[in-house]
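# An overview of the molecular structure
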There are 2 protein chains.
Amino acid sequence: MGLSKHDEFTLRDNRIARYAKALAHPARVAILRFLIHKRSCVCGDIVDELPLAQSTVSQHLKELKAAGLILGEIEGTTVCYCIDPKAWAMAEQCLGDLLKSFTDGGSCCAPAKQTIATKR
Amino acid sequence: MGLSKHDEFTLRDNRIARYAKALAHPARVAILRFLIHKRSCVCGDIVDELPLAQSTVSQHLKELKAAGLILGEIEGTTVCYCIDPKAWAMAEQCLGDLLKSFTDGGSCCAPAKQTIATKR
DNA sequence: CCTTGCTATCGTATTTTTACGATCATCATC
DNA sequence: GATGATGATCGTAAAAATACGATAGCAAGG
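Here's what I pulled together on the structure shown here. Model, not experiment: these values are computed from the prediction. (Residues numbered from 1 in each chain as written. Chains lettered and ligands numbered in written order. Predicted model: local features only at pLDDT ≥ 70, side-chain atom pairs only at ≥ 80, totals over all residues. Heavy atoms only, no water.)

### Quick look at the interface of chain A and chain B
Keep this limit in mind: By definition in these notes, contact holds between two residues if any of their heavy atoms fall within 4.5 Å. Take a side-chain nitrogen of Lys or Arg and a carboxyl oxygen of Asp or Glu: if they are within 4 Å of each other, that pair is a salt bridge. Under this definition, polar contacts are N or O atom pairs within 3.5 Å; protein pairs additionally need one hydrogen-donor-capable and one acceptor-capable atom, and for neighbouring residues in sequence, both atoms have to be side-chain atoms. In DSSP terms, a helix is any run of H or I states spanning at least four residues, a strand is any run of E spanning at least two, and both are numbered starting from the N terminus. When residues are sorted by character, Ala, Val, Leu, Ile, Met, Phe, Trp, Tyr, Cys and Pro go into the nonpolar class, Asp, Glu, Lys and Arg into the charged class, and all the rest, Gly among them, into the polar class.
Of the residues lining the interface, 63 residues belong to chain A; the matching set on chain B comes to 63 residues. On the surface where chain A and chain B come into contact, there are 2 salt bridges. Among the ionic pairs, Asp-13 of chain A bridges to Arg-33 of chain B, the shortest N-O distance being 2.7 Å. There are 5 residue pairs in polar contact (both at pLDDT 80 or more) connecting chain A and chain B. Looking at the side of chain A that touches chain B element by element, the count peaks at 8 residues for helix H5 (residues 85–100) of chain A. In terms of residue class, the side of chain A that touches chain B is built from 34 nonpolar, 14 polar and 15 charged.

### With respect to helix H2 (residues 26–37) of chain A
Residues and elements named next belong to chain A. What counts here: In a helix, the anticipated span is given by 1.5 Å times the number of residues less one. Only protein chains enter the accessibility calculation, which uses a 1.4 Å probe; a residue whose area is less than 20% of its type maximum is buried, one above 50% is exposed, and one in between is partly exposed.
Taking 1.5 Å per residue, 12 residues should reach 16 Å; H2 reaches 16 Å between its end C-alpha atoms and fits that length. Of all the 12 residues making up H2, 10 are buried; the element is thus mostly covered by neighbouring parts of the structure. Residues Pro-26, Ala-27, Arg-28, Val-29, Ala-30, Ile-31, Leu-32, Phe-34, Leu-35 and Ile-36 constitute the buried set of H2.

### As for the side chain of Asp-84 of chain A
All names here are of chain A. The line we're drawing: Counted as positive: Lys and Arg. Counted as negative: Asp and Glu, with His and the chain ends omitted from the count.
Mapped onto the elements of the fold, Asp-84 is located in the loop between strand E2 (78–83) and H5. Lys-86 is the oppositely charged side chain nearest to the buried, salt-bridge-free Asp-84, at an N-O distance of 6.8 Å. Polar side-chain contacts of Asp-84 include one of 3.2 Å to the backbone nitrogen of Lys-86. Once you skip the residues sitting within four places of it in the chain, Asp-84 turns out to touch Gly-68, Leu-69, Ile-70 and Leu-71.

### Brief notes about the relation of the copies chain A and chain B
The pair of chain copies shares a relation made of a rotation about an axis and a shift along it. To be explicit about the condition: Our superposition of the copies is a least-squares fit, built on the C-alpha atoms of residues whose pLDDT is at least 70 in both.
Of the two same-sequence chains, chain A is brought onto chain B (RMSD 0.0 Å, axial shift 0.0 Å) by a rotation of 180°. The transformation just described matches what one would write down for a two-fold rotation axis. No C-alpha of chain A approaches the rotation axis more nearly than that of Ala-20 of chain A, which lies at 2.4 Å. Most of the interface of chain A is mirrored in chain B, where 100% of its interface residues again form contacts.

### Concerning the packing of aromatic side chains
As a reminder, the rule being used: The pairing test for Phe, Tyr and Trp rings, Trp by its six-membered ring, is centres within 6.5 Å, and the orientation test on the planes gives stacked under 30 degrees, edge-to-face over 60, and tilted for anything in between. By definition, being over a ring means that NZ of Lys or CZ of Arg is both within 6 Å of the ring centre and within 35 degrees of the ring normal.
Tallied over the full model, the rule gives 2 aromatic pairs over all chains. On the basis of an interplanar angle of 70° and a centroid distance of 5.9 Å, the ring pair of Phe-102 of chain A and Trp-88 of chain B is categorised as edge-to-face. Placement of Phe-102 of chain A in the segment after H5 and of Trp-88 of chain B in helix H5 (residues 85–100) is noted, with the two residues assigned to different chains. Over the ring of Tyr-19 of chain A we find Arg-18 of chain A; its NZ or CZ atom is 5.4 Å from the centre of that ring.

Below is the structure:
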């Protein structure tokens, strides 16, 4: 047990989850923000920017690449990373659609009551 | 070691990561979609809807509650869940801002080249 | 009160994530 | 070819996530 049952869910929900997971660590958010801000994007610069070891940053970059959000191109001896515009647009739509699909029409329950805490 | 160094990052990036993590599993996406679709939201209905054990669903609900995205109210012997409108708006803004902060101006590198694979 | 139904929590096993140092591979330069 | 720099990968360890069955806690109904 303990195996992730991703097969049991829809493709759409899995896609959203995959994009969300890419954003689910502050280091990766910081990397993406850095890539967005500085259009140039040498790997070493990212390592310098973050409070993490080079290998750890490389691992995060690998995950972002696996999620499809970034591209990397070899430039001589360095590697240049950047946002993948197409994938980014897809992520924006997937997550945006879900987020926008809720509109506050007065929640069904607990309109003005307290949240239940850990204990009920 | 393997300890998460969340403290080393900005509050904003951590907040985004927290919301994203809540969406980072298809089961939780499905739960949220279900809560959005059906305004009524008894816990048992969610259990019936998903291919997961009751305890697992309860755990996912707990995480969504911890992330602040949903509210739960006791209704007699059942518990009624719903989206927390305020928190949802916050998540929408946080994630939306990040996603919208990138605009395709022709990527800095690899404009039309191949993605680098695992091996360079 | 005793039972029944609903939900949360506990205990546990497995998998995945996170992090680091060490090493390897590759390109550029000497 | 040797050297140096850059970045990926390996090995490893610790932590967190995922899943389930079992159990506990509560409210409602008999």
